[in-house]
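# Remarks on the overall topology
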Amino acid sequence: MTTSKHILSRKTGAIGWLIFNHPEKHNAVSLEMSAAVAPIMADFDADPDIRVVIVTGAGDRSFIAGSNISNFDAVRANPEENSKYQAISQGSYDAVYQCSKPTVAMIKGYCMGGGMDYAASCDIRICSDDSVFAIPAVKLGLGYGYQGQIRLNRLIGSSRARDLYFTGRRYDAAEALAAGLVHEVVPAAGLEERVRQYAESIAENAPLTIKALKRVFLELEKAPEERDMGAAHALIGACYDSEDYREGKAAFAEKRKPRFSGR
């Protein structure tokens with residue numbers, strides 16, 4: 001497994017945690033950090049005990065403040081290195097986006113550039129009231145990967161996305177909520193408690209049903225000719241032949257909370 005001291009993972013009950021851990025750099029992402037994300041997400045995906053993943057940054061000041069620009073001369077010095085850099089970065093975002101389990105971005109402070117890519121790759125975004133969002137590529141002369149642009153467009157629409165990209169200006173938490181960029185804004189002091197509560201509410205639900213739902217969402221975001229709705233339909237069908245379906249029916253009849261096993 002690719003590792004980095006600046007990327008942490010942990011498992012608490014049914015929740016997996018992916019933590020960008022370089023607070024002295026506002027969790028700006030290096031190439032080494034990017035490369036460490038996919039193996040962690042693959043581990044969460046394969047672990048039947050993990051039902052939801054929280055993506056966040058260490059410290060109180062930043063979710064992810066973009067890429068580590070100070071390292072660009074070392075890792076993007078020529079077209080070949082730049083292509084490698086972009087492939088690793090996009091693979092990192094895709095590992096979060098393609099996870100078969102729900103992902104929740106816990107955003108506090110700065111969410112900039114590549115941080116927006118990670119946030120947009122998550123299913124749910126909950127932020128603190130002191131969060132700040134921006135894509136400053138136009139102020140740096142950078143070419144910005146189009147997959148992040150596509151995903152942001154899906155969230156906030158092309159009109160608002162143009163505003164963010166073309167101006168490079170910052171949205172505060174209130175504007176991000178109004179734009180549909182985040183689902184919820186909470187006081188900074190209560191952010192982790194709220195996100196944990198939200199994740200646990202997902203984890204209590206039927207894992208096979210959620211897996212089928214997530215697959216359908218991912219397929220619907222592809223071009224129609226690229227969709228594999230047969231695979232999605234198979235996952236839907238598997239729900240009806242599961243122990244969880246029988247448990248759900250029994251719990252409903254007995255007026256009790258179901259205990260889903262993922263089988």
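If you're wondering where the values come from, they're calculated on a predicted model, not measured in any experiment.

Reading guide: rules and limits
Residues numbered from 1 in each chain as written. Predicted model: local features only at pLDDT ≥ 70, side-chain atom pairs only at ≥ 80, totals over all residues. Heavy atoms only, no water. Helix = DSSP H or I, 4+ residues; strand = E, 2+ residues; numbered from the N terminus. Buried < 20%, exposed > 50% of the residue type's maximum accessible area, 1.4 Å probe, protein only. Phe/Tyr/Trp six-rings, centres within 6.5 Å; stacked < 30°, edge-to-face > 60°. Axes fitted to C-alpha atoms, helices over the stretch in contact; angles between N-to-C directions. Parallel < 35°, antiparallel > 145°, perpendicular 65-115°, else oblique. Left-handed = near helix turned anticlockwise from the far one by under 90°. Contact = heavy atoms within 4.5 Å. Nonpolar A, V, L, I, M, F, W, Y, C, P; charged D, E, K, R; others polar. Salt bridge = Lys/Arg side-chain N within 4 Å of Asp/Glu carboxyl O. Pairing = 2+ DSSP bridges.

## Looking at unusual backbone geometry
The backbone phi angle of Asn27 is positive, close to 60 degrees, even though this residue is not glycine. When you line up the elements, Asn27 lands in the loop between strand 2 (15-20) and helix 1 (31-46). Of the residues examined, Asn27 reaches a relative accessible area of 0% and is grouped as buried. In this model, Lys255 sits at a positive phi of 55 degrees, which is unusual for a non-glycine residue.

## Description of the packing of aromatic side chains
Note on aromatic pairs: each is described by the distance of the centres and the angle between the planes. Per the counting criterion, the structure on display carries three aromatic pairs. Between Phe20 and Tyr118, the ring centres sit 4.8 Å apart and the planes meet at 55 degrees, which makes this aromatic pair tilted. With Phe20 in strand 2 and Tyr118 in helix 4 (residues 114-121), this residue pair connects regions lying 98 residues apart in the sequence. Accessibility expressed as a relative area gives 0% for Phe20, which makes it buried. Tyr118 sits in the buried class, given a relative accessible area of 1%.

## Focus: the packing of helix 8 (residues 207-220) against helix 9 (residues 229-239)
In contact at an axis separation of 9 Å, helix 8 and helix 9 are set at 165 degrees when each is read in the N-to-C sense. Accordingly, the angle class assigned to the pair helix 8 and helix 9 is roughly antiparallel. The hand of the helix 8/helix 9 crossing is left-handed. Across the interface between the two elements, Leu208, Thr209, Lys211, Ala212, Arg215, Val216, Glu219 and Leu220 of helix 8 pack against Met229, Ala231, Ala232, Leu235, Ile236 and Cys239 of helix 9. A breakdown of the residues in the contact of helix 8 with helix 9 according to their chemical character gives 10 nonpolar, one polar and three charged.

## Digging into the pattern of salt bridges
Taken as a whole and assessed by the stated rule, the structure comprises 16 salt bridges. Note that Arg263 is salt-bridged to Glu243, the shortest N-O span being 3.7 Å. With Arg263 in the segment after helix 10 (243-254) and Glu243 in helix 10, this pair connects stretches of sequence that are 20 residues apart. Owing to a relative accessible area of 55%, Arg263 belongs among the exposed residues under this scheme. In this structure Glu243 comes out as partly exposed when scored by relative accessible area, which is 41%. Arg256 is the salt-bridge partner of Glu247, the closest N and O atoms lying 2.7 Å from each other. By relative accessible area, Glu247 is classed as buried at 16%. Among the charged side chains, a salt-bridge network with shared partners connects Arg215, Glu219, Lys222 and Asp228.

## Quick look at the sheet that holds strand 2
Hydrogen bonds between backbone atoms are what pair the strands of a sheet, whose relative direction is either parallel or antiparallel. Within the open sheet, the six strands sit side by side as 1-2-3-5-7-10. Their pairing is mixed. In this open sheet, the two strands that pair with only one neighbour each are strand 1 (7-12) and strand 10 (184-186). Each neighbouring strand pair of the sheet contributes to a mean axis angle of 20 degrees, computed without reference to strand direction. Bridging between strand 7 (residues 124-128) and strand 10 involves three bridges; their strand directions are parallel.

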